[in-house]
Amino acid sequence: MLYRLLADFIVLIHFSFILFVVLGGLLVLRWRKVIYFHIPAMFWGAIVEFYNIICPLTPWENHFREVGGAERYESDFIENYLIPVMYPAGLTVSIQFILGCLVVVTNLIIYSIVIWKYRKNRKHEAGHSGNNRQSEN
């Protein structure tokens, strides 16, 4: 049971990381320092897809499932909903390439919004500081 829980925990971490890779740029809109974590994660996610690399979390998950007797556990949320999303049936190199492109394009769109908003805020702040100087004179 402990090994099954460890495997499920790794799946949750893995799934969370995938969400962060795809949508983590949205967090940058709120917390700018997240960019230092998201950019490397995004590149890793794209490289994994483009070069068909196995994520290091996958062998750990498989190990814990095997040690825990994977054939014995009943179906649960993780097995039914997360694993098929992360490891879809019929996944090919071509599909992985498309997924990698989706990661890149999604994040280009998100970071375009981040940059636009950042520039807008800087322009707005510069306008206010200029108004303050004029009112002081």
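Refer to the structure printed above.
Structure report, in brief. (Residues numbered from 1 in each chain as written. Predicted model: local features only at pLDDT ≥ 70, side-chain atom pairs only at ≥ 80, totals over all residues. Heavy atoms only, no water.)

Overview of the pattern of salt bridges
Here is step 1: Summed over all chains, the structure comprises two salt bridges.
Here is step 2: Between Arg65 and Asp8 there is a salt bridge whose closest N-O contact spans 2.7 Å. Of the two residues, Arg65 sits in helix 4 (residues 57-67) while Asp8 sits in helix 1 (residues 2-23), which places them 57 residues apart along the sequence.
Here is step 3: For Asp8, a relative accessible area of 9% gives the class buried.
Here is step 4: Each of the salt bridges in this network shares a partner with another, and the network as a whole consists of Asp8, Glu61 and Arg65. (Salt bridge = Lys/Arg side-chain N within 4 Å of Asp/Glu carboxyl O. Helix = DSSP H or I, 4+ residues; strand = E, 2+ residues; numbered from the N terminus. Buried < 20%, exposed > 50% of the residue type's maximum accessible area, 1.4 Å probe, protein only.)

A short note on helix 3 (residues 35-50)
Here is step 1: A rise of 1.5 Å per residue sets the reference length of helix 3, with its 16 residues, at 22 Å; its end C-alpha atoms lie 22 Å apart and thus fit the reference within 8%.
Here is step 2: Those residues of helix 3 lying buried are His38, Ala41, Met42, Gly45, Ala46, Val48 and Glu49. In an axial view of helix 3, the angular spread of the buried residues amounts to 155 degrees, which keeps them on one side of the axis.
Here is step 3: At the exit of helix 3 stands Asn52, carrying a positive phi of roughly 55 degrees. (Expected span 1.5 Å × (residues − 1). Arc of directions from axis to C-beta.)

Observations regarding the packing of helix 1 against helix 4
Helix-helix packing: each pair is described by the crossing angle between the helix axes and the interaxial distance.
Here is step 1: Direction vectors running N to C along helix 1 and helix 4 enclose 160 degrees, while the axes themselves pass 7 Å from each other. With respect to helix 4, the axis of helix 1 lies roughly antiparallel. In the packing of helix 1 onto helix 4, the handedness of the crossing is left-handed. Packed against helix 1, whose contacting residues are Tyr3, Arg4, Leu6, Ala7, Asp8, Ile10, Val11, Ile13 and His14, the element helix 4 presents Leu57, Thr58, Trp60, Glu61, Phe64, Arg65 and Val67 at the interface.
Here is step 2: Classifying every residue of the contact of helix 1 with helix 4 gives ten nonpolar, two polar and four charged. (Axes fitted to C-alpha atoms, helices over the stretch in contact; angles between N-to-C directions. Parallel < 35°, antiparallel > 145°, perpendicular 65-115°, else oblique. Left-handed = near helix turned anticlockwise from the far one by under 90°. Contact = heavy atoms within 4.5 Å. Nonpolar A, V, L, I, M, F, W, Y, C, P; charged D, E, K, R; others polar.)

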